[in-house]
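Examining the three-dimensional arrangement
Here are the chains, one letter per residue:
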Amino acid sequence: MKILDGKAVALKRRQQLTAKITKIVEQGHRRPTLAVILVGNDEASQVYVKHKTQIAQAVGIEPLTIHLDENVSHEQLYGTIDQLNLDQTIDGILLQLPLPTRFREEDYLQAIIPSKDVDGFHYVHQGKMLQGYDSIYPCTPLGVINLLNEYQIPIQGQNVVMVGTSNIVGKPLAVMLLNLGATVTMCNQNTQDIKMYTQTADILISATGKQFIITKEMVKPQATVIDIGIMRDLKTNKLVGDVDYDNVAPITSNITPVPGGVGPMTVITLMENTFKLYQDHLQS
Ligand code: GUN
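Reading guide: rules and limits
- One numbering rule holds for all chains: residues counted from 1, following each sequence as written.
- Reporting of local features is limited, given that this is a predicted model, to residues whose pLDDT is at least 70; pairs of side-chain atoms are given and counted only at 80 or more, and all residues count toward the totals for whole chains, interfaces and linings.
- Heavy atoms throughout the structure, all of them, feed into the side-chain values; hydrogens and water do not.
- If even one non-hydrogen atom of a residue comes within 4 Å of a molecule or strand, that residue is called near it.
- Polar contact is the term for a pair of N or O atoms within 3.5 Å; when the atoms are in protein, one must be able to donate a hydrogen and the other to accept it, and sequence-neighboring residues count only if both atoms are side-chain atoms.
- For every accessible area listed, the method is Shrake-Rupley and the probe measures 1.4 Å; residues are considered covered only by the protein chains on display.
- Whether two strands pair depends on DSSP finding at least two bridges between them.
- A run of DSSP states H or I qualifies as a helix once it reaches four residues; a run of E qualifies as a strand once it reaches two. Both are numbered from the N-terminal end.
- Geometry is summarised by axes, namely lines fitted to C-alpha atoms with helices restricted to the contacting stretch, and by angles between N-to-C directions that run from 0 to 180 degrees.
- Should any heavy atoms of two residues lie within 4.5 Å, those residues are counted as being in contact.
- Think of a salt bridge as a Lys or Arg side-chain nitrogen and an Asp or Glu carboxyl oxygen that are within 4 Å of each other.

The full set of residues close to the ligand is Leu94, Leu95, Gln96, Leu97, Asp119, Phe121 and Ile168. In this structure, Gln96 approaches the ligand through a side-chain N or O atom, which is 3.4 Å from a nitrogen atom. A distance of 3.0 Å is found between a nitrogen atom of the ligand and a backbone nitrogen or oxygen belonging to Leu97. Its free accessible area being 280 Å², the ligand has 80% of it covered by the protein chains.

Our next topic: the sheet that holds strand β4 (residues 92-95). The strand order across the open sheet built from three strands is β3-β2-β4, with neighbouring strands paired in parallel fashion. Edge strands, defined here as strands with exactly one partner in the open sheet, are β3 (62-68) and β4. Along the sheet, successive strands turn relative to each other by an average axial angle of 15°, direction set aside. Of the pairings in the sheet, the one linking strand β2 (residues 33-39) to β3 comprises seven bridges and is parallel in character. Counterpart to Val36 in the pairing with β3 is Thr65. Helix α2 (residues 43-59) contacts β2, β3 and β4 of the sheet and is inclined by roughly 160° relative to β3. Contacts between helix α10 (residues 262-283) and the sheet are confined to β2 and β4, with β2 contributing the most and set at about 125° to the helix.

The next point concerns the sheet that holds strand β1 (residues 2-3). With parallel pairing, six strands are arranged side by side in an open sheet as β1-β11-β8-β7-β5-β6. Edge positions in the open sheet fall to β1 and β6 (183-187), since each of these has one partner strand only. Two elements, strand β8 (residues 224-227) and strand β11 (residues 254-255), share two bridges in a ladder whose sense is parallel. Each bridged residue has a counterpart across the sheet, and for Thr224 the counterpart in β11 is Asn254.

It is worth spelling out the pattern of salt bridges at this point. This structure, assessed with the given rule, holds seven salt bridges. The closest approach of N and O atoms between Asp91 and Arg30, which form a salt bridge, is 2.8 Å. With Asp91 in the loop between α3 (74-86) and β4 and Arg30 in the loop between α1 (6-26) and β2, this pair connects stretches of sequence that are 61 residues apart. In the salt-bridge network here, residues are joined through shared partners; they are Arg104, Glu106 and Asp107.

By themselves these figures say nothing about function.
In structure tokens, the structure reads:
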């Protein structure tokens, strides 16, 4: 059993990205800039945003955090996005989710112009992705693909089972794996016998946010297991995932830990996406 060390892979990619940014800045160009909009006081979001800011700084990306009050008006939020859309010094805009429930998230995500949409959530990016064209791909799915590639885990011709169908993770990751030649099965809340599908998986990916939903009986021996869930176990106060790691890990060939698996890959991919947009902006 091999542990897929997302933390180490992310650190390696961080050094590579830092070197690229240093070189361009030494040539006299401005630094890439990433704007993060945070609305309200969701505790987990505040921790994530702080972490993203720190990693941005570490690689040489200028972070700009815009923290808006819980009670901000719709017009003010649109206005903030518009201002960042027009600002020539901003390369990437990230609207931290979830927004307070009175906002329709998709309206604001679609207000970010595609050339600054660092999450790849705009319909233009999603459409390109669906049809297999180069695009900005959402950070967690692309981070997972990069992690599989780093460990030379084959994708083409493999049976992948995706548990969870969110717009942020499950759906885009399924499409990306399909485009890479995998046979992809998607399970959702209405799937009657999830185990019947998961037992066929060469690569089993879970992104539900439900603690320990993936048990040993659901996993084919020697499978690769990717855990995208992260939550705090209320009994032990430790961070855990969707996968019952202690019981599942011994029968797998590869598995991601929580924490230190997919999470760090998501954050470095956000920086790589920012850099990709920055390069496009320098050329235009
Ligand atoms: N909240 C949780 N995950 C994400 C993500 O990938 N992007 C944004 N914008 N917000 C999130």
